[in-house]
Amino acid sequence: MAYYWFKSFHLIGVVVWFAGLFYLVRLFVYHAEASEKKEPEQSILKAQYEIMEKRLYNIITNPGMMVTVTMAIGLVSTEPEVLKSGWLHIKLTFVALLLGYHLYCKKIMKQLASGECQWTGQQFRALNEAPTVLLVVIVLLAIFKNNLPLDLTTWLIVALVIAMAASIQLYAKKRRLAQEKLSSSID
Ligand code: HEM
């Protein structure tokens, strides 16, 4: 029974962690784009995004990560046999990348707060696709385990996910260009 409790809260942790990661980098987009605004709007926006990022990281993203990892430890200690599974080893490699991404976001947050970050909004938009790829791979490994098929269906699904991510980027770019055109015609 303990295993099911750990698994339930492992999944709840995953949902919270990813909600936090996705929203955090979206805030980085707005934070970076605030540099294009005139004063005092720029300083007001930057100060506000800094507060929002810190709160999001401390109250949602970090606790989500901790719950996921703690419950995962609960899972493997209840059923240590699972540690011998090949799929878990591959999954852990991707989880390590995800943890690296999580820590990198914290570094960016500090750089944005100190005004040292050189990233543009467009670069943050692209960065925000990285956890999507990790999410898809980790979930597929957790569900299919050692039977993850590498056939046409899987590659079609991967292509669909990439196409969706690319179209979101293109749509955002198109919308931004239209916005810039509108504001230059007003000026
Ligand atoms: C901290 C490292 C992690 C470890 C050691 C770990 C370990 C495990 C274990 C042992 C299970 C139970 C498998 C089963 O009973 O069939 C599980 C389930 C699951 N994990 Fe993780 N996990 C980790 C992180 C993650 C992350 C980051 C995600 C999502 C991005 C994730 C997604 C899932 C999913 C969707 C399941 C449910 C699979 C099922 O019920 O068939 N895990 N995990």
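Residues numbered from 1 in each chain as written. Predicted model: local features only at pLDDT ≥ 70, side-chain atom pairs only at ≥ 80, totals over all residues. Heavy atoms only, no water.

Filter applied, for reference: UniProt positions are given in the numbering used here, feature names are shortened, and annotations may be inferred rather than shown by experiment.
Per an unreviewed UniProt entry, the recorded name for the protein chain is Protoporphyrinogen IX oxidase, and the organism is Crocosphaera watsonii WH 8501. As its UniProt record puts it under Subunit (unreviewed entry), the protein chain is described as follows: "Homodimer." Looking at the protein chain in UniProt, the text filed under Sequence similarities (unreviewed entry) is "Belongs to the HemJ family."

## Concerning the overall build of the protein chain
Test applied: Only DSSP runs of H or I reaching four residues or more are called helices, and only runs of E reaching two or more are called strands; each is numbered from the N terminus. Buried means the residue's accessible area, taken with a 1.4 Å probe over protein chains only, is under 20% of the maximum for its type, while exposed means over 50%, and partly exposed covers the values in between. It only takes one pair of heavy atoms within 4.5 Å for two residues to be counted as in contact. To measure how exposed things are, a 1.4 Å probe is used in the Shrake-Rupley method; for residues, cover is taken only from the protein chains shown.
Across its full length, the protein chain carries six helices and zero strands. Seen in sequence order, the protein chain has helices and strands lined up from the N terminus as α-α-α-α-α-α. Along the three orthogonal principal directions, the C-alpha set of the protein chain runs to about 65 × 40 × 25 Å. Among the 187 residues that make up the protein chain, the fraction classed as buried is 30%. The long-range fraction of contacts in the protein chain, counting pairs at least 24 apart against all pairs at least 6 apart in sequence, stands at 80%. Carbon and sulfur atoms make up 70% of the accessible area of the protein chain, which totals about 12,000 Å².

## Side note on the coordination of the iron atom of the ligand
What counts is decided by this rule: Metal donors: N, O and S atoms at distances within 2.8 Å, or within 3.2 Å for Na, K and Ca, with water omitted from the atom set so that some sites may seem incomplete. Under this scheme a four-donor centre is tetrahedral when all angles range from 85 to 135 degrees, a four-donor centre is square planar and a six-donor centre octahedral when opposite donors are above 155 degrees with the rest from 65 to 115, and any other centre is irregular.
In the first shell of the iron atom of the ligand, the protein supplies His10 (NE2) and Lys91 (NZ), at 1.8 to 2.1 Å from the metal. Every donor counted, the six donor atoms about the iron atom of the ligand form angles of 84 to 179° at the centre, which fits octahedral coordination. With histidine 10 in helix H1 (residues 2-33) and lysine 91 in helix H3 (residues 86-114), the pair connects residues that are 81 residues apart, well separated along the chain.

## What to know about the site of the ligand
The cut-off we apply is this: Note on definitions. A residue lies near a molecule or strand when any single heavy atom of the residue is within 4 Å of it. Under the convention adopted here, Pro, Cys and the residues Ala, Val, Leu, Ile, Met, Phe, Trp and Tyr are nonpolar, Asp, Glu, Lys and Arg are charged, and Gly plus all remaining residues are polar.
Around the ligand, 22 residues are found, and the nearest of them are Tyr3, Lys7, His10, Lys91 and Lys145. Breaking the shell around the ligand down by element, the ones donating at least two residues are H1, helix H2 (41-78), H3 and helix H5 (130-144). Per-element tally for the shell around the ligand: the top contributor is H1, with seven residues. Tallied by class, residues from the shell around the ligand come to 18 nonpolar, one polar and three charged.

## A closer look at the side chain of glutamine 42
In this structure, glutamine 42 sits in helix H2. In this structure glutamine 42 comes out as buried when scored by relative accessible area, which is 17%. With residues near it in sequence (within four places) discarded, glutamine 42 still touches Ala34, Ser35 and Lys37.

## Brief notes about the UniProt feature "binding site: heme" (unreviewed entry) in the protein chain
As recorded in UniProt, the feature "binding site: heme" (unreviewed entry) lies at His10 and Lys91. Taken along the chain, the residues just named run across 82 residues; in space they keep tight, none of their C-alpha pairs more than 14.3 Å apart. Among the residues examined, histidine 10 registers a relative accessible area of 11% and is labelled buried. Filtering out sequence-adjacent residues up to four positions away, histidine 10 remains in contact with Thr68, Met71, Ala72, Leu75 and Lys91. Discounting chain neighbours no more than four positions away, the residues touching lysine 91 are His10, Ile138, Leu141 and Ala142.

## Side note on the nonpolar core
We count it as follows: We define the nonpolar core as a collection of buried residues of types Ala, Val, Leu, Ile, Met, Phe, Trp, Tyr and Cys that are connected through side-chain atoms lying within 4.5 Å of one another.
If you look at the biggest cluster of nonpolar residues, it comprises 26 residues, and the most contacted ones within it are Leu24, Val25, Phe28, Leu98, Ile108 and Phe124. Listed by contribution, the elements that provide at least two residues to this core are H1, H2, H3, helix H4 (121-127) and H5. A total of nine residues in this core trace back to one element, the largest contributor, which is H1. Here phenylalanine 28 is in contact with Glu53, Cys105, Ile108, Met109, Leu112 and Phe124, once residues within four sequence places are set aside.

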